[in-house]
Amino acid sequence: MNRRTSTLWTFSIVAIALFMVSLDNLVVTMALPVIRRDLGASLSDLEWTVNAYTLTFAALLLMGAALGDRFGRRRMFTIGVTIFTLGSAAAALAPTSGILIAARALQGLGGAISMPLTLTILSAAISAEKRPLALGAWGGIGGLAVAVGPVVGGAITQGVSWHWIFWVNVPIGIVTVVLAHLRLPESHGPDRSLDLGGVALASIGLVGIVWGVTHGNGRGWTDGQVLGAIAVGFAFVAAFLVWEARARQPMLPLHLFRRRASVVANGIAFLMSFGMFGSIFLLSQFFQIVQGLNPLDSGIRILPWTFTPVIVAPIAGWASGRIGARPILVAGMTLMAVGLSWIAALTSPTVSYVSLVPAFVVSGAGMGLFFAPIANVVLSAVPRGDEGKASGANNTIRELGGVFGIAVLGAIFSAAGSYATPRTYTDGLIPAVWVGAAVVGLGAVVALILPAAVARLPRAGASAEPGLPDNVELAA
């Protein structure tokens, strides 16, 4: 098998896994109102149906990259896809919201192992010159999953049942595992250590903070359990940072954040996911709860928003290799902030769908300008040997942004509205989306301080371990 064929097989296999794992971020959103009725789920249960996946995914992403370095990237990639597939089957069979949440956490574990390895395996299979184009295609695949997620979820929920949004992962997962065994070469990273102490501290800390924020409105923000969970969570996160600073082989090497590009890119990723995915969690239910549409019709109405990144992301990946990531990211974050503000300003129980379409397109275009340039910055800012951990760190921070966005915007929704009537749902939705717009707008401001020269095509004579010039280091 020649190099070109091998590269095509590698891209195809990691693209399938990326699509499947990314799809499950949003595929469940159109089924949330039906799940709420079928399983008697509360708002907190619905938040955890989403957050059990994203929180487990985020907390364990760095461990997934480390496991690939130590035990083999192909081996751990296939194990991750297998766990994800088993979690999908368990979610499909779930008779209660508690079991569904546990199954979603199992899916998150599988996704955390396999997702960072898709980028590491792909990066190793391509030349540095072709990286921006490949990352654009990688971002486009992720964008396609985001695009079709609500439609697929709505169509399956409407046509069969919500259980089948999880069953569809099973055959896809099986095919991916078989192809990975047959076509992917095995590789290891330079660092084969496991930082189990870091994994434990980070996981406990993040779960504590998110549990406290999610339950704050229901129990009261002065409730001892809420305050205790948040305090314990932050204490464990602080302990995690101290542990990582002293560990011989840390899960999250803090030197990755010595460069301004790394710090800014991860900050942008957190703010984008916080504002956008926190808003999408609530907006995806609007057409069903407020305007009485079925899940399929609701998913189709979201399509102008979610499909636009499929078109824009590959272009953004190509452009970031030539003009740098900063102008593209500033434009993308600004468009997202404008789109969300537009939606918040127009939304009412009787708002015309046609009037929302331009705002959806603007928001989607902004998302399309985000994914590939961020990935390009993250990989360009570190030596090749650190790419796995850098990618894992960025994915972790981005997923955490979504977790906290859903929790915080859900708390704002609960404080101002409820599921009781279309009017009360809109009353809670509008201030939550305004906050989401403000957070994404802050991300546009942060993007302005990104070094202007990052993430362009490699310079002639660049070393095999490309990084940024010393003059963009924080410590320089």
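Look a little higher up for the structure.
Rules used in this analysis
Residues numbered from 1 in each chain as written. Predicted model: local features only at pLDDT ≥ 70, side-chain atom pairs only at ≥ 80, totals over all residues. Heavy atoms only, no water. Helix = DSSP H or I, 4+ residues; strand = E, 2+ residues; numbered from the N terminus. Buried < 20%, exposed > 50% of the residue type's maximum accessible area, 1.4 Å probe, protein only. Contact = heavy atoms within 4.5 Å. Areas by Shrake-Rupley, 256 points an atom, 1.4 Å probe, with all protein chains shown as cover. Core = buried A, V, L, I, M, F, W, Y, C linked by side-chain atoms within 4.5 Å. Expected span 1.5 Å × (residues − 1). Polar contact = N/O pair within 3.5 Å; in protein donor to acceptor, adjacent residues only side chain to side chain. Axes fitted to C-alpha atoms, helices over the stretch in contact; angles between N-to-C directions. Parallel < 35°, antiparallel > 145°, perpendicular 65-115°, else oblique. Left-handed = near helix turned anticlockwise from the far one by under 90°. Nonpolar A, V, L, I, M, F, W, Y, C, P; charged D, E, K, R; others polar. Salt bridge = Lys/Arg side-chain N within 4 Å of Asp/Glu carboxyl O. Patch = residues over 30% accessible without salt bridge, like charges linked within 9 Å, V, L, I, M, F, W, Y side chains within 5 Å.

Trainee: Now, about the overall build of the chain: what can you tell me, with residues and values included?
Mentor: For the chain, the helix and strand inventory stands at 18 helices and zero strands. Taken across its 476 residues, the chain has 59% of its residues classed as buried. For the chain, the proportion of contacts with a sequence separation of at least 24, taken over those separated by at least 6, is 84%. Carbon and sulfur atoms form 68% of the exposed surface of the chain, whose accessible area is close to 17300 Å².

Trainee: How would you sum up the nonpolar core? Please name residues and give values.
Mentor: Counting residues in each nonpolar core, the largest one holds 96 residues, and the members touching the most others are Met272, Trp305, Phe370 and Tyr425. The element that contributes the greatest number of residues to this core is helix H11 (residues 260–283), accounting for 14 residues. Leaving out residues up to four positions away in the same chain, Phe370 has contacts with Ile268, Ala269, Met272, Leu329, Met333, Met336 and Arg398. Counting residues in each nonpolar core, the second largest holds 40 residues, with Met20, Phe84, Leu119 and Leu184 among its members.

Trainee: Got a sec to walk through helix H10 (residues 224–246)? Specific residues and values, please.
Mentor: Compared with an ideal rise of 1.5 Å per residue, which puts 23 residues at 33 Å, H10 spans 33 Å between its outermost C-alpha atoms and is within 8% of the ideal. What H10 keeps buried is the set Val226, Ala229, Ile230, Gly233, Phe240 and Glu244. Of the residues that open H10, the one with a side-chain oxygen 2.9 Å from the backbone nitrogen of Gln225 is Asp223.

Trainee: Summarise the side chain of Thr118; cite the residues concerned and give the values.
Mentor: Structurally, Thr118 is set in helix H5 (residues 97–125). At 2.6 Å, the side chain of Thr118 forms a polar contact with the backbone oxygen of Met115. The residues contacting Thr118, other than those within four sequence positions of it, are Val14, Ala17, Leu18, Phe77 and Trp138.

Trainee: Just give me the short version of the packing of helix H14 (residues 325–346) against helix H15 (residues 353–368), but keep the residues and values in it.
Mentor: Contact geometry for H14 and H15: axes closest at 7 Å, N-to-C directions at 155 degrees. As far as their axial angle goes, H15 and H14 are roughly antiparallel. When the axes of H14 and H15 are compared, the crossing they make is left-handed. Residue-level contacts link Gly332, Leu335, Met336, Val338, Gly339, Leu340, Trp342, Ile343 and Leu346 of H14 to Ser355, Leu356, Pro358, Ala359, Phe360, Val362, Ser363, Ala365, Gly366 and Met367 of H15. Classifying every residue of the contact of H14 with H15 gives 14 nonpolar, five polar and no charged.

Trainee: Got a sec to walk through the packing of H11 against H14? Specific residues and values, please.
Mentor: Two packed helices can be described by the angle between their axes and the distance between those axes. Running from N to C, H11 and H14 cross one another at 25 degrees; their axes reach a closest spacing of 11 Å. The pairing of H11 with H14 is recorded here as roughly parallel in orientation. Considering the relative orientation of H11 and H14, their crossing is left-handed. For the pair H11 and H14, contact is made by Ile268, Met272, Gly275, Met276, Ser279 and Leu283 and by Leu329, Met333, Met336, Leu340 and Ile343, respectively.

Trainee: How would you sum up helix H3 (residues 43–71)? Please name residues and give values.
Mentor: For H3, spanning 29 residues, the distance from its first C-alpha to its last is 40 Å, which sits close to the expected 42 Å at 1.5 Å a residue. Summarising burial for H3: 26 of the 29 residues are buried, a large majority.

Trainee: Got a sec to walk through the pattern of salt bridges? Specific residues and values, please.
Mentor: Using the criterion set out here, one finds one salt bridge in the structure. The partner of Arg423 in a salt bridge is Asp427, and the shortest N-O contact between them spans 3.9 Å. Of the two residues, Arg423 and Asp427 are both situated in helix H18 (residues 422–447); the distance of four residues between them amounts to about one turn of the helix.

Trainee: Hey, could you go over a nonpolar patch on the surface for me, with residue numbers and the actual values?
Mentor: A cluster of nonpolar side chains, namely Leu442, Val445, Leu448 and Ile449, defines an oily patch on the protein surface of about 370 Å² accessible area. Topologically, Ile449 is positioned in the segment after H18. For Ile449, a relative accessible area of 47% gives the class partly exposed.

Trainee: Residue-level account of the environment of Leu61, with values.
Mentor: Structurally, the position occupied by Leu61 is in helix H3. Residue classification places Leu61 among the buried residues on the basis of a relative accessible area of 0%. The contact partners of Leu61, leaving out residues within four places of it in the chain, are Ala112, Met115, Pro116, Gly392, Asn395, Thr396 and Glu399.

Trainee: How would you sum up the side chain of Ser22? Please name residues and give values.
Mentor: The residue Ser22 is located in helix H1 (residues 3–26) in this model. Owing to a relative accessible area of 9%, Ser22 belongs among the buried residues under this scheme. Looking at Ser22, its side chain comes within polar contact range of the main-chain oxygen of Leu18, at 2.8 Å.

Trainee: Go over the environment of Ser414 with me, naming the residues and quoting the values.
Mentor: Tracing the backbone through its elements, the reader meets Ser414 in helix H17 (residues 387–416). Between the C-alpha atoms of Ser414 and Asp427, which are 13 residues apart in sequence, the distance is 9.6 Å.

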